[in-house]
Amino acid sequence: MEPILSRNFDQKTPLDLAGFRDRGGYASLNNILGRPRDELLQEVKDSGLRGCGGAGFPTGVKWGFLAKDAPHPVYLVINLDESEPGSCKDRQILYRDPHTIIEGVIASAYVLDADKAFVFVRGEYRSGAEGLEKAVQEAREAGYLGKNILGSGYSLDIDVHLSAGRYICGEETALLNALEGRRGNPRSKPPFPIVSGLWGQPTVVNNVETVSHVPYILTKGADWFKGQGINGGTGTHIYQVSGCVNKPGTFELPMGTTARELIYEHAGGLREGRELVAFQPGGTSTPFMLPEHLDIPLTWDGPSSVGSRLGTGGLIVMDDSICPIDYLINVVDFYAMESCGFCTPCRDGLPYLVHVMKKFEEGTATDKDLALVEELCDTIFPSTHCAHAPGAVMPVQGALKQFRHVFEAHIKNQCCTLQGGQ
Amino acid sequence: MTLNEQEIEHLKEHIGHYPEPRAGAIYCLYFVQDKYGYIPRESMDEVGELTGLSPVQLDEIITFYTLLRRRPVGRNLIRVCTNISCHTRGAKEVLAAAQEQSGVPLGEISEDGSVTVLPSICLGLCDRAPAALVNDDEVLGELTPDKIRDEMARYVSQAMNSTEASANGRLIATLKPQSQEPK
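Source: prediction; values computed, not measured.

Quick notes on the rules
- Residues numbered from 1 in each chain as written.
- Chains lettered and ligands numbered in written order.
- Predicted model: local features only at pLDDT ≥ 70, side-chain atom pairs only at ≥ 80, totals over all residues.
- Heavy atoms only, no water.
- Core = buried A, V, L, I, M, F, W, Y, C linked by side-chain atoms within 4.5 Å.
- Buried < 20%, exposed > 50% of the residue type's maximum accessible area, 1.4 Å probe, protein only.
- Helix = DSSP H or I, 4+ residues; strand = E, 2+ residues; numbered from the N terminus.
- Contact = heavy atoms within 4.5 Å.
- Buried area = accessible area lost by both parts, 1.4 Å probe.
- Salt bridge = Lys/Arg side-chain N within 4 Å of Asp/Glu carboxyl O.
- Polar contact = N/O pair within 3.5 Å; in protein donor to acceptor, adjacent residues only side chain to side chain.
- Pairing = 2+ DSSP bridges.
- Axes fitted to C-alpha atoms, helices over the stretch in contact; angles between N-to-C directions.
- pLDDT = per-residue confidence, 0-100.
- Expected span 1.5 Å × (residues − 1).

Caption draft 1: Region of the structure containing the nonpolar core. If you look at the biggest cluster of nonpolar residues, it comprises 107 residues, and the most contacted ones within it are I102 of chain A together with L68 of chain B. Ranked by the residues each element gives to this core, the list is headed by helix α6 (residues 98-112) of chain A, at nine residues. Residues in contact with L68 of chain B, not counting those within four places in the same chain, are A164 of chain A together with I26, L29, Y30, Q33, I39, I61 and I62 of chain B. By size, the runner-up hydrophobic cluster in this structure holds 66 residues, among which are I316, V317, A336 and A389 of chain A.

Here you go:
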């Protein structure tokens, strides 16, 4: 495997323009700008690249939805709002190699014939956004941005937009509202942003990692990209491992790497004397996978085969020092606090779910409460405007099957023998 | 007036990046917050004039976004992440130690004005859990209760050596919350 997104992570500080170019940066643009857009789009489709923000929708197919006669300006919005616990992989690219993002944005925007790109950065990454802004200025001065880029006739500029917090802003339509200076409430679809997005114009929203792959797919080819994956995976992916492991970290690896390799080789294994209970493969919204799933390749399809999702590829590991219910309370509480408040089942249902689950930890839960947890999940899941609440209850629904005995033991013993943390 | 002419020109220039002025609201609100440590009522009138938004519409934005605040905070705003990756590694104990060290409830300004401690949603520092973010840019990682106490002791000594500027150079209006609302 050839590391692409992390190829400059060996540097102590992010490369400036000169350093980035010395390592081959921006060279891809000479091969891309000026080529027929249909040909480039086909290459992206053939590569099998899928949205790395968690949804995994095929990027080339999404781009193909942009009408050929779409009214200009067309906007490209880069989603750098990753706020899901356990999923901060894109932070590494932002803080350690911002020019890689810019190169990816230019190549992607060219394929889409976009007129302007916004990089939407979560507020907590403020100093990263400042570094990216500096890199954008360097790129602008060197003629990689602005009018008639490298004499190709194509013009583009990038705005770095610093947001001000809130998980929901990572949802693509909520992000558009936030970018327009409104509350980040998700919008109804249709119309989809690709038809009517920012200020009513056609808008493509892509994750940072996704666009950062594009220049290398377009120069090295779809077959090369596909060949980077293993076990049926395509390309490379930035995985992250956090939670109960010895060496939490972020790793660019072939798509299709197994959780066993990630946890035990790259993340240093579990803490001494501890046993693996479960792991979430891609952030807190993904249902648990169990120790018997350690050898399933972490591809877009692998975790789905056991009722989970790859999500962002940010693994969170739970060992036997943590009570699964305590773990879930923390997860659902996050979603309860971050609900935008638009839908009642999400706004009121999630705090109620936390309240009922706390009864298990406090030792006051009865069989009725177990039934209530199930009923709440079943009621909340299909009843909301966006995927925020379903993301919150999916791990609980999985746990009701996988850890039902734990819920029942809490009722029977009227206590929790394991309290969270350490 | 809370903004001078030069600052207003700077904000107008930034707002011009967007097709609609209200898209520049977050930038303007951050700008004011950096200057005063929070967003005073008078500044909302000024930002409203620049962006075409009423104070109520601006409040609607401020109350939605976590990082914007209408109330003052201490010189050092310490956000301790409480979400799952940090939770599995002792965030609860770190937050408790930070609150105890501050001597006041979460969200309040310590007596000496040096710190405000807040629990935070995931800061994107899962690989350094348990983690905290100070003044939106200084990362504290691999925290323990002792380590957060030591870091906070450092802010107290900085506060004793400075009455005008915060640790990262941002100007804070005053230290006392009750006297911070501009007249």
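From this point, the discussion proceeds with the structure in view.
Caption draft 2: Molecular detail of the interface of chain B and chain A. Chain B puts 38 residues into the contact, and the matching count from chain A is 60 residues. Together chain B and chain A conceal approximately 4,100 Å² of surface at their shared face, both sides included; 53% is due to carbon and sulfur atoms. In this assembly, chain B and chain A are joined by two salt bridges. D34 of chain B serves as the salt-bridge partner of R126 of chain A, at 2.4 Å between the closest nitrogen and oxygen. Taken together, the links from chain B to chain A amount to 23 residue pairs in polar contact (both at pLDDT 80 or more).

Caption draft 3: Spotlight on the sheet that holds strand β3 (residues 157-162) of chain A. All names here are of chain A. Pairing is parallel across the open sheet formed by four strands, whose spatial order is β3-β2-β1-β4. The two strands at the open ends of the sheet, each matched to only one other strand, are β3 and β4 (203-207). Between one strand axis and the next, the sheet turns through 20° on average, direction left out of account. Where strand β2 (residues 116-121) lies against β3, six bridges are found, and the strand directions are parallel. Along β3, the bridge assignment pairs A117 with I158.

Caption draft 4: A look at the confidence of the model for chain B. All names here are of chain B. Mean pLDDT over chain B works out to 88, with 86% of the residues at or above the 70 mark. Contacts of residues 164-183 to residues separated by more than four positions or lying in other chains number 46 contacts, the stretch itself having pLDDT below 50. Predicted as a complex, the structure gets a pTM of 0.94 and an ipTM equal to 0.94.

Caption draft 5: Main features of the pattern of salt bridges. Under the defined criterion, the tally for this structure stands at 37 salt bridges over all chains. One salt bridge connects R187 of chain A with E180 of chain A, and the closest N-O pair in it is separated by 3.1 Å. Its salt-bridge partner being R149 of chain B, residue D146 of chain B comes within 2.9 Å of it at the nearest N-O pair. Within this pair, D146 of chain B and its partner R149 of chain B are both found in helix α7 (residues 145-161), separated by three residues, close to a single helical turn. If you follow the salt bridges from partner to partner, you end up with E180, R182 and R187 of chain A together with E20 of chain B in one network.

Caption draft 6: Region of interest: α6 of chain A. Residues and elements named next belong to chain A. With 15 residues, α6 ought to run about 21 Å at 1.5 Å a step, and its terminal C-alpha atoms sit 21 Å apart, in line with that. A large share of α6 lies buried, amounting to 15 of its 15 residues. Following α6 by one or two positions, D113 adopts a phi angle in the positive range, close to 55°.

Caption draft 7: Expanded view of the pairing of strand β1 (residues 76-81) of chain B. All names here are of chain B. Of all six residues in β1, six are buried, a share of seventy percent or more. Here β1 shows two buried faces, one formed by N76, I78 and V80 and the other by L77, R79 and C81. Pairing of β1 with strand β2 (residues 115-120) involves six bridges; the strand directions are parallel. If you follow N76 over to β2, its bridge partner there is V115. Where β1 lies against strand β3 (residues 132-134), three bridges are found, and the strand directions are antiparallel. Bridged to V80 within β3 is A132.

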